[in-house]
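Observations on chain architecture
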Amino acid sequence: MDVLVTLFYILFSICVVYPPTEFVAAGFTIAQLFENFLGSENMNFVTYHMKRTTITALIHSSLPLGYVLCLLCCGDRNPWLPAGAAATAIIPLLMCYRLLCWWENEQAKHPVVKALLPYVTPGIDWRVIAGNLNSQFRNVDKVSIQLTATSKFVATEIFLIKVSQYSLNLIKQTDCTLVATATDSHNLSQSGEDEIQFVNIEVIPSRDDIERFTFRISTTALRDLQPRLLHPVRVPEHISLIPSLIERFVTVFRHYVDKNPVYYVDQEPELCIGCMQFPADVKINRRCHPPPPHIEGGPVQCQQCNCRVLWCGGCMARWWAARARGPPAQWLGGRATCPVCRAAFCLLDVCPAQLSAS
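I will try to describe carefully the structure that is included in this document. (Residues numbered from 1 in each chain as written. Predicted model: local features only at pLDDT ≥ 70, side-chain atom pairs only at ≥ 80, totals over all residues. Heavy atoms only, no water.)

Here the largest pocket defines a volume of roughly 550 Å³. Lining the largest pocket we find 28 residues, and of these Thr29, Ile30, Ala31, Ala149 and Thr150 sit closest to its centre. Of all the secondary structure elements, the ones that give two or more residues to the lining of the largest pocket are helix 1 (2–17), helix 2 (21–26), helix 3 (30–33), helix 5 (45–61) and strand 2 (151–155). No other element matches helix 5, which puts six residues into the lining of the largest pocket. For the lining of the largest pocket, the class distribution of residues is 16 nonpolar, nine polar and three charged. (1 Å grid on protein atoms, 1.4 Å probe; cavity = no way out; pocket = protein on both sides within 12 Å on 5 of 7 lines; lining within 4 Å. Points joined across faces, edges and corners; volume = space filled by probe spheres on them. Helix = DSSP H or I, 4+ residues; strand = E, 2+ residues; numbered from the N terminus. Nonpolar A, V, L, I, M, F, W, Y, C, P; charged D, E, K, R; others polar.)

Here we come to unusual backbone geometry. Working note: non-glycine residues mostly have negative phi, and peptide bonds are mostly trans. Residue asparagine 105 is not a glycine yet carries a positive backbone phi of 55°. By secondary structure assignment, the location of asparagine 105 is in the loop between helix 7 (81–103) and helix 8 (111–116).

An order of 8-12-9 is seen for the three strands of this open sheet, with the pairing classed as mixed. Bordering the open sheet on either side are strand 8 (263–265) and strand 9 (282–284), each of which pairs with just one other strand. Put simply, the sheet's adjacent strands are angled 45° from each other on average, direction ignored. Pairing of strand 8 with strand 12 (residues 350–355) involves three bridges; the strand directions are parallel. Counterpart to valine 265 in the pairing with strand 12 is leucine 355. (Pairing = 2+ DSSP bridges. Axes fitted to C-alpha atoms, helices over the stretch in contact; angles between N-to-C directions.)

It is worth spelling out the nonpolar core at this point. Val46, Ile161, Leu178, Phe215, Ile217 and Leu225 are the most contacted members of the largest nonpolar core, which has 42 residues in total. For this core, the element with the highest residue contribution is helix 9 (residues 126–138), accounting for five residues. Setting aside its immediate chain neighbours within four residues, isoleucine 161 contacts Phe45, Leu133, Lys152, Phe153, Val154, Leu168, Asn169 and Leu170. Within the second largest apolar cluster, 24 residues are counted, among which are Cys272, Ala321, Trp331 and Ala336. (Core = buried A, V, L, I, M, F, W, Y, C linked by side-chain atoms within 4.5 Å. Buried < 20%, exposed > 50% of the residue type's maximum accessible area, 1.4 Å probe, protein only. Contact = heavy atoms within 4.5 Å.)

The subject of this paragraph is the pairing of strand 3 (residues 159–163). Regular strands have side chains that alternate between both faces of the sheet. Across the five residues of strand 3, five count as buried, placing the element largely inside the fold. Side chains Phe159, Ile161 and Val163 project from strand 3 onto one buried face, and the interleaved Leu160 and Lys162 project onto a second face that is buried too. Relative to strand 3, strand 2 runs antiparallel, the two sharing four bridges. Bridging across to strand 3, alanine 155 finds its partner in leucine 160. If you look at the hairpin formed by strand 2 and strand 3, you'll find three residues sitting between the two strands. As judged from the five bridges shared by strand 3 and strand 4 (residues 168–172), these two strands associate in the antiparallel manner. By the bridge assignment, phenylalanine 159 is partnered in strand 4 with lysine 172. Where strand 3 folds back on strand 4, the antiparallel hairpin that results is connected by four residues.

The following block contains the structure:
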């Protein structure tokens with residue numbers, strides 16, 4: 001019986017400290033259980049995490065005492081249990097004293113407040129910086145990336161923030177450099193077609209009073225983060241970031257499109273209506289041979305598209321990939337529809353467009 005209780009409590013403790021996806025989905029995390037006490041993170045970011053780190057530290061320090069009480073409730077009468085209960089009760093008591101130290105003297109010793117202090121000038125209260133950070137976090141254009149079930153990375157217009165269980169790292173974008181230090185890749189399928197790469201990024205401050213910290217995100221999340229950063233992440237020469245599945249498909253798609261006959265136009269192509277960054281350079285022009293009599297339930301046959309040159313090859317490839325079915329290896333063999341007129345076409349119908357020399 002003691003063995004089963006011990007194994008169950010160890011599993012329970014691991015799920016409390018590092019909640020799995022099932023616990024998060026069921027709302028069984030410290031932040032979700034104490035939601036009413038913590039308040040709204042979006043409305044008051046600093047106060048929310050001051051309370052969250054306090055509650056988290058207190059609950060985690062009480063887990064050893066909870067194990068002994070669990071044994072007592074299950075009828076265990078070992079002679080060491082009273083001494084064990086007294087010994088493990090000291091841990092949360094010491095934590096309570098530490099938490100009182102956090103919250104006394106204007107909360108100056110709280111880990112969250114300590115992260116703000118480097119930006120507090122003499123004569124100004126730390127709550128001024130906290131108010132600025134709160135307003136930054138409320139902006140809809142911030143980027144928030146979940147690192148683990150208990151930590152995340154947030155990039156606002158001014159600040160970079162790493163939220164962890166017991167602390168908070170904060171630095172202004174103008175005061176740091178982000179450097180990729182290592183990468184690791186994992187295959188999500190046996191064929192290796194779905195591969196995800198993670199990159200470790202170190203935030204190196206330019207000020208001595210701010211601690212450096214690291215975080216680990218996927219390269220896909222890094223691409224979402226880059227537009228929000230004031231300076232791009234530095235990637236050393238010995239580290240290579242693999243392109244995403246869509247980026248690889250775009251490269252292959254354009255390679256096959258370039259082999260098709262050129263479609264000449266009389267006017268200078270306009271900007272692509274998909275990205276508005278690159279000139280439109282592909283035209284859907286049916287080149288397939290007349291199909292056999294249509295069989296009901298068979299594949300959709302290619303149709304003539306009468307639209308002007310409106311899209312660049314990259315956007316056309318992404319449109320194709322977004323509507324492709326089956327494994328990625330079979331995407332090029334399928335068909336798509338024109339984004340404008342919905343005419344069906346295959347890869348042979350996508351021709352590079354060029355301005356006529358005459």
